[in-house]
Amino acid sequence: MKTIIEPFKIKSVEPIRFTTKEERQQVIEKAGYNTFLLHADDVLIDLLTDSGTSAMSSEQWAGIMRGDESYAGSKSFYKFEEAVKKITGMKHIIPTHQGRAAEKILFFIVGGSGKYFPNNTHFDTTRANIEFTNAEAVDILIEEGKHPEVRADFKGNMDVAQLKRFINEKGNENIPLCMLTVTNNSGGGQPVSMQNIKEVKEVCVKHGIPLFLDACRFAENAYFIKKREKGYENKSVLAIAQEIFSYADGATMSAKKDALVNIGGFLALNDDELAMQCRNLLIVTEGFLTYGGLAGRDLEAVAQGLEEVLDEHYLQYRIRSVEYLGEKLILAGVPIIEPPGGHAIYIDAKRFLPHVPPEEFPGQSIVCELYIEGGIRAVEIGSVMFGKYDKEGKLIPPPMELVRLAIPRRVYTQSHIDYVIEVILEVFQNKDRLRGYKIIYEAPMLRHFTALFEPIRK
Ligand code: F0G
């Protein structure tokens, strides 16, 4: 088989700024050792997120010019609505400025104290929006999904037996909806199988609980199903995506991922009453029904992006380019979540730095070193992002300590990725020198965005 190439050529380029190691050492110290607080201009290769960082196509940019900015009934809205309906088949499509705005509207209405929301793994904003209403967000991931070194095709699956027990324990009346995140971002970008979606749906139907999708990366999930699940190898990715959505009663979506845009999102629903409530809240917090916090031009770009993301040459290149990075790291013995996920590679910080305990944030230590060594920006997904405290103020760490290298869509070439590999291997060789960090400031919610750190010098 020949090399899988980028299925596009580059029309417009954006220079990146080179810095020295000494400069980076100063800059990261000034940023409180938090890569979210760096100036992007000081970053060479930015793998902080795949969200809103895609390169748009010439057709999307053309759509930007075509955008109809009418306050109500914009032509661009109807184009957007049609594109979303084609894939989701849902009755009500409500635009929002990004994913968490859709989550906020949904959980503000269905959440509240005494309510429980199961998910394979909640993303941090989903969890925060649920907890903000005093409801509880509960992760019910299959056991395999919690072990980075275990290779399995669908490590994003929900544990169906545990879901049943959970519903029996909490009572259907206290579970307004059940969610599945496709692909499972916080669990390593791992896909959910169609079989699992069907089984979860069956349990939900039996208990009268609606099933919702957190659909940010639905196309990548659909491609994994095509490649890994029996019976889907000859189906189009569009048909697979349509089948995924056919089992759902609703979905939240951050268009900043698989709609290949820099801003946007939506809420898709079948229930008329819930849709009416959501629309009322949309008008108060986002905007009118036909733009919901977006410009007409953004809606055009989403509509076009949803078409392009289902192109199978694109998906083949996308999944392969992430796998390429993963393969090279595995070959060199770097511990990562296996197999590689759809949008990112997740370094297993526990095995990478066994001498740094969770209380000293091993993931954060690797993140800082990748920046200092090579100007690469990554993000910690471990005790900084998801750690809680018990009554005595002792850290309750999450099951995994990870460092995510998220790959922006259509942005970096193979030589950028080769450079990333070289830097990671260099850090890996010197890993015994790496030390932990302590937090010197943290916000009460979503602390990872603004926390300040100090290296622990022993
Ligand atoms: N759900 C998932 C699974 C996500 O990954 C994200 C965002 C959201 C919801 C929220 O969407 O950012 O548009 O409000 N994830 C980004 C990331 C931020 O870096 O993984 P948003």
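All of the points below concern the structure found in this document. Here the structure is a predicted model, which is why all the values come from computation and not from measurement.

**What to know about the overall build of the protein**
On a plain count of helices and strands, the protein comes out with 16 helices and 16 strands. Compactness check: the protein gives a C-alpha radius of gyration of 21 Å against a globular reference of 23 Å for 458 residues, within 12% of the reference. A buried classification covers 59% of the 458 residues belonging to the protein. In the protein, 72% of the contacts between residues at least 6 apart in sequence involve partners at least 24 apart. Of the roughly 19,400 Å² of accessible surface on the protein, a fraction of 52% belongs to carbon and sulfur atoms. Side-chain charges in the protein split into 55 positive and 63 negative, and the spacing between the mean points of these groups amounts to 1 Å.

**Re the pattern of salt bridges**
For the coordinates displayed, the defined rule picks out 28 salt bridges. A salt bridge links Lys-170 to Glu-169; the nearest nitrogen and oxygen atoms lie 3.4 Å apart. For Lys-170, a relative accessible area of 22% translates into the label partly exposed. Here Glu-308 ties to Arg-410 by a salt bridge, and the two come within 2.9 Å at their closest N and O atoms. With Glu-308 in helix α11 (residues 296-308) and Arg-410 in the loop between β14 (402-406) and α16 (414-429), this pair connects stretches of sequence that are 102 residues apart. Assigned by exposure class, Glu-308 and Arg-410 land together as buried. One salt-bridge network, held together by shared partners, links Asp-50, Arg-217, Glu-220, Asp-258, Arg-318 and Arg-409.

**Observations concerning the packing of aromatic side chains**
The way to describe two aromatic rings as a pair is by their centre distance and the angle between their planes. Evaluated as defined, the whole model comprises 14 aromatic pairs. Ring centres of Phe-77 and Tyr-78 lie 5.2 Å apart, and the angle between their planes is 75°; this geometry places the pair in the edge-to-face category. You can call Phe-77 buried: its relative accessible area is 5%. Among the aromatic residues, those joined into a cluster by ring pairs are Phe-77, Tyr-78, Phe-80 and Phe-266. Cation over ring: Lys-431 sits above Phe-428, and NZ or CZ is 4.6 Å from the ring centre.

**A closer look at the site of the ligand**
Near the ligand there are 17 residues, and of these Thr-49, Arg-100, Ser-254, Lys-257 and Arg-404 occur at the shortest range. Asp-214 places a side-chain nitrogen or oxygen 2.7 Å from a nitrogen atom of the ligand. About the coverage of the ligand: the protein hides 94% of its 470 Å² of free accessible area. Per element, the largest residue contribution to the shell around the ligand is three residues, and it comes from helix α4 (residues 99-110). Classifying every residue of the shell around the ligand gives two nonpolar, eight polar and seven charged.

**Concerning the nonpolar core**
If you look at the biggest cluster of nonpolar residues, it comprises 66 residues, and the most contacted ones within it are Val-200, Phe-218 and Leu-306. The leading source of residues in this core is helix α8 (residues 218-228), at six residues. Once residues lying within four places of it in the same chain are set aside, the contact partners of Phe-218 are Ile-87, Val-182, Ala-241, Ile-244, Phe-245, Met-253, Asp-258, Leu-306, Val-309 and Leu-310. Within the second largest apolar cluster, 32 residues are counted, among which are Leu-325, Ile-336, Ile-366 and Val-403.

**Structural notes on the side chain of Thr-96**
By secondary structure assignment, the location of Thr-96 is in strand β2 (residues 92-96). Residue class for Thr-96 comes out buried when judged on its relative accessible area of 0%. Here Gln-98 takes part through its backbone oxygen, which lies 2.9 Å from a polar atom of the side chain of Thr-96. Ignoring sequence-local partners within four residues, the contact set of Thr-96 consists of Ala-101, Ala-102, Ile-105, Gly-264, Gly-265, Phe-266, Leu-282, Glu-286, Gly-292 and Leu-294.

Calculation notes
Residues numbered from 1 in each chain as written. Predicted model: local features only at pLDDT ≥ 70, side-chain atom pairs only at ≥ 80, totals over all residues. Heavy atoms only, no water. Helix = DSSP H or I, 4+ residues; strand = E, 2+ residues; numbered from the N terminus. Rg over C-alpha atoms; globule rule 2.2 N^0.38 Å. Buried < 20%, exposed > 50% of the residue type's maximum accessible area, 1.4 Å probe, protein only. Contact = heavy atoms within 4.5 Å. Areas by Shrake-Rupley, 256 points an atom, 1.4 Å probe, with all protein chains shown as cover. Lys, Arg positive; Asp, Glu negative; His and termini not counted. Charge placed at Lys NZ, Arg CZ, Asp CG, Glu CD. Salt bridge = Lys/Arg side-chain N within 4 Å of Asp/Glu carboxyl O. Phe/Tyr/Trp six-rings, centres within 6.5 Å; stacked < 30°, edge-to-face > 60°. Lys NZ or Arg CZ within 6 Å of the ring centre and 35° of its normal. Near = heavy atom within 4 Å. Polar contact = N/O pair within 3.5 Å; in protein donor to acceptor, adjacent residues only side chain to side chain. Nonpolar A, V, L, I, M, F, W, Y, C, P; charged D, E, K, R; others polar. Core = buried A, V, L, I, M, F, W, Y, C linked by side-chain atoms within 4.5 Å.

Just geometry here; none of it tells us what the structure is for.
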